[in-house]
Amino acid sequence: MKSVRVLCVAFVIAVANAPAFAQLPSFEQVRNGFVGSDATLLDRKGTPLSDVRLDFTVRRLPWTPLTALSPAMREALLAAEDKRFFEHPGVDWRAFIGAAWQNLWSHTQRGGSTLTMQVAGLLEPELRLPSRGRRSYTQKWDQSLAAIELERHWTKAQILEAYLNLAPLRGDLQGLAAGSAFLFGMDTHQLTRPEAVILAALLRGPNAKPEIVARRACALARNLGSPQMCSDIARLAQQRLDAPRGQPRYALAPHLARQLLKQPGQTLTSTLDADMQRHVLDIVRDSNAPDAAVLVLDNVSNEALVWVGAPNGSLPDGVSTRRTLPQWWWPHAATLALDTRRATAATVFGNPPPGTPPDSQIPFDTASLRTALAQHRPGPMGALLHQLPPSALAERLHLVGLEPPLAADAPDANGDVTLSQAATAWRALATGNSGPVHVQQAGAEGLRVLSTAASFIVLDMLSSNDGGWRAQWVSQSPDSRQAMVVGSSDRYTVAVAVGSGNEHADRIAEQVWRQSMIAVQPQPSRPPQPPEGVSSDIVLFDPPIEAPRREWFIRGSEGASSSSSSERYRKF
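What this report covers is the structure whose coordinates are included nearby. Here the structure is a predicted model, which means the values were calculated and not measured.

Strand pairs in the sheet, formed through backbone hydrogen bonds, run parallel or antiparallel to each other. Taken in spatial order, the six strands of this open sheet run β5-β4-β15-β14-β13-β12, and their pairing is antiparallel. Edge positions in the open sheet fall to β5 (304–308) and β12 (463–464), since each of these has one partner strand only. Pairing analysis gives six bridges linking strand β13 (residues 470–476) to strand β14 (residues 483–488), with the strands arranged antiparallel. Bridge pairing in β14 places Gln476 opposite Ala483.

Quick look at the structure:
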């Protein structure tokens with residue numbers, strides 16, 4: 001015992017005369033310099049949507065305050081690592097001298113390190129535990145001096161909080177928050193005693209075999225008065241410690257997250273609505289279309305409320321993928337024809353236009369613009385498109401959001417378009433305004449590019465009022481294996497793309513579109529009010545290729561008709 005007293009006195013004298021460890025940072029420097037390995041995308045209300053790992057040297061979450069630690073975790077941590085943490089000045093003399101004595105005269109080794117000493121080692125590389133073996137007595141001495149110096153400038157709460165964030169855990173995990181999240185799928189405030197004692201046991205041997213960790217955790221649970229938990233502890237250790245943990249914690253909008261998040265520790269608030277996103281994602285997953293994509297826009301602000309790139313986050317982003325789909329721009333060609341007074345909704349088109357090759361695939365057909373557009377009739381629509389100047393059509397598509405615009409000399413090509421562009425163009429129909437999709441900040445109405453009169457008439461031609469007013473347009477590839485549906489209610493624009501690889505892509509797209517629209521707007525949608533500059537009249541066709549009906553006209557365009565057709569209509 002005399003040798004122990006001499007060693008203790010010598011140590012106290014040395015500490016009293018030791019120089020300050022100026023290289024140790026302040027608590028604020030440590031906390032402010034701490035950067036999580038992942039970046040996180042939030043919805044408009046701050047709910048996590050998706051996270052992306054961007055630092056692959058370590059896996060840690062944002063700095064976690066001490067108040068976020070559950071009572072069970074705090075109790076287990078102190079019991080396992082430093083029972084007298086709140087009593088000692090940085091070095092637990094009894095534990096230190098006892099460990100030194102046992103290490104001198106016994107084959108078993110004791111560490112005797114306090115939490116403060118461990119934090120000092122985590123802050124200063126020279127004081128850390130070597131990769132092989134134990135610290136030398138010199139390292140232990142220096143670490144003890146650093147711990148006492150640390151306690152002079154940091155509070156006990158700060159030291160404990162730093163340890164909770166800096167302590168290495170299993171594999172590349174660092175900090176109890178990362179261990180809690182990636183091993184047990186919990187936040188630190190949710191940890192109960194079984195998870196807490198396992199994490200505390202990992203601090204002594206982060207990469208020990210699960211059965212060894214379970215045995216140490218069970219011993220700790222017994223010390224805490226819970227021996228009955230040993231079976232649960234053993235089960236948890238076997239199930240969770242070596243389970244795959246590379247998956248993100250949040251995966252509602254992985255495609256948008258990968259586009260926006262660029263820096264480790266970054267947190268961005270998006271315009272998405274987590275509830276809407278979750279409902280639509282469930283619809284897409286149930287559709288059995290592995291690459292289905294959905295975009296929902298707010299008609300007023302053009303903010304993206306839903307961005308589902310695909311039901312599987314590892315697939316390419318279907319919202320941004322360019323697709324070759326004919327006919328997607330026909331409604332916009334119709335607005336140009338109405339605005340330039342080349343047609344009305346009742347104008348009849350038919351016969352292949354002049355110059356059409358004899359072997360053309362365009363069949364002989366005759367229909368009014370309303371019928372041709374609603375029924376996707378290629379003959380009449382081909383006659384209409386022949387009347388539109390290519391440069392004017394290319395400019396119109398550019399105005400409603402097609403980037404890059406179609407070439408002026410080939411506007412009828414199967415233009416490649418993204419779902420985002422198609423949705424933006426349709427939203428221009430719904431509101432008359434065009435502008436970029438907003439995903440991070442509040443949007444604006446945008447620039448007015450379409451007349452309200454032409455937009456109103458085209459939407460009327462493509463609308464239905466079954467359970468609420470909606471208008472939509474379907475386009476599909478020639479082999480029917482890809483399809484896109486865009487449309488709107490009075491509040492939202494919804495765009496859906498499906499490339500299911502079978503002949504039912506259009507049916508799947510329409511089903512997903514309809515269910516998504518109901519999910520984001522369960523209440524009935526109201527039809528738009530007729531704007532200034534339109535009038536309504538009864539029309540009769542002579543010969544009667546279509547039944548008489550009431551039709552909308554832009555004032556001053558009532559006499560417009562196709563010069564390539566002998567059919568005419570009369571107003572009453």
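Further notes follow.
Once that is clear, we can look at the packing of aromatic side chains. On inspection of all chains with the given rule, the structure shows six aromatic pairs. Three or more aromatic residues joined by ring pairs make a cluster, and in this case those are Phe27, Phe34, Trp63 and Trp154. The ring of Phe34 is capped by Arg60, whose NZ or CZ atom sits 4.4 Å from the centre of that ring. Lying over the aromatic face of Phe85, Lys156 brings its terminal NZ or CZ to 4.5 Å of the ring centre.

The next point concerns the state of the cysteines. In this structure the tally under the stated criterion is one disulfide. One disulfide in the model links Cys218 with Cys230; its S-S distance is 1.8 Å. One quick way to see it: the torsion about the S-S bond of Cys218 and Cys230 is about 85°, and its sign makes the bridge right-handed. One end of the pair, Cys218, is in helix α10 (residues 210–223); the other, Cys230, is in helix α11 (residues 230–240), with 12 residues separating them in the sequence.

Here the focus is the nonpolar core. Formed by 98 residues in total, the largest nonpolar core has its most connected members in Val294, Leu373 and Val520. With sequence-adjacent residues up to four places away left out, Val520 is seen in contact with Met276, Val280, Val296, Val306, Tyr492 and Val494. Judged by nonpolar contacts, the second largest core, of 58 residues, contains Leu115, Trp154, Phe182 and Leu183.

The terminal C-alpha atoms of helix α9 (residues 193–204), which comprises 12 residues, lie 17 Å apart, in line with the 16 Å expected from a rise of 1.5 Å per residue. When you tally the buried positions in α9, you get 11 out of 12 residues, the bulk of the element. Considered for burial, the residues of α9 that qualify are Arg193, Pro194, Glu195, Ala196, Val197, Ile198, Leu199, Ala200, Ala201, Leu202 and Leu203.

If a residue is not glycine, its phi is most likely negative; likewise, a peptide bond is most likely trans. The peptide bond linking Asp542 to Pro543 adopts the cis configuration, its omega dihedral lying at 0°. You will see that Asn288, though not glycine, has its phi angle at about 60°, which is positive. Locating Asn288 in the fold gives a position in the loop between α13 (274–286) and β4 (293–298).

Definitions and limits used
- Residue indices begin from 1 for each chain and proceed along its sequence in written order.
- This being a predicted model, a pLDDT of at least 70 is required before a residue's local features are given, and a value of 80 or more before pairs of side-chain atoms are given or counted; all residues contribute to the totals for chains, interfaces and linings.
- Side-chain measures here rest on the full set of heavy atoms in the structure, leaving out hydrogens and waters.
- By definition, two strands form a pair when at least two bridges between them are found by DSSP.
- In this description a helix means any DSSP run of H or I spanning at least four residues, a strand means any run of E spanning at least two, and both kinds are numbered starting from the N terminus.
- Working definition: rings of Phe, Tyr and Trp (its six-membered ring) pair if their centres are within 6.5 Å, and the pair is stacked with planes under 30 degrees apart, edge-to-face with planes over 60 apart, and tilted otherwise.
- In this analysis the charged atom, NZ for Lys or CZ for Arg, is taken to sit over a ring once it is within 6 Å of the ring centre and within 35 degrees of the ring normal.
- Here, two cysteine sulfur atoms that lie within 2.5 Å of each other are counted as a disulfide.
- For our purposes a nonpolar core is just a set of buried Ala, Val, Leu, Ile, Met, Phe, Trp, Tyr and Cys residues, chained together by side-chain atoms within 4.5 Å.
- Type-normalised accessible area, obtained with a 1.4 Å probe on protein chains alone, sets the label of each residue: buried when under 20%, exposed when over 50%, and partly exposed for intermediate values.
- Any two residues having at least one pair of non-hydrogen atoms within 4.5 Å are treated as being in contact.
- Multiplying 1.5 Å by the residue count of a helix minus one yields the expected span of that helix.

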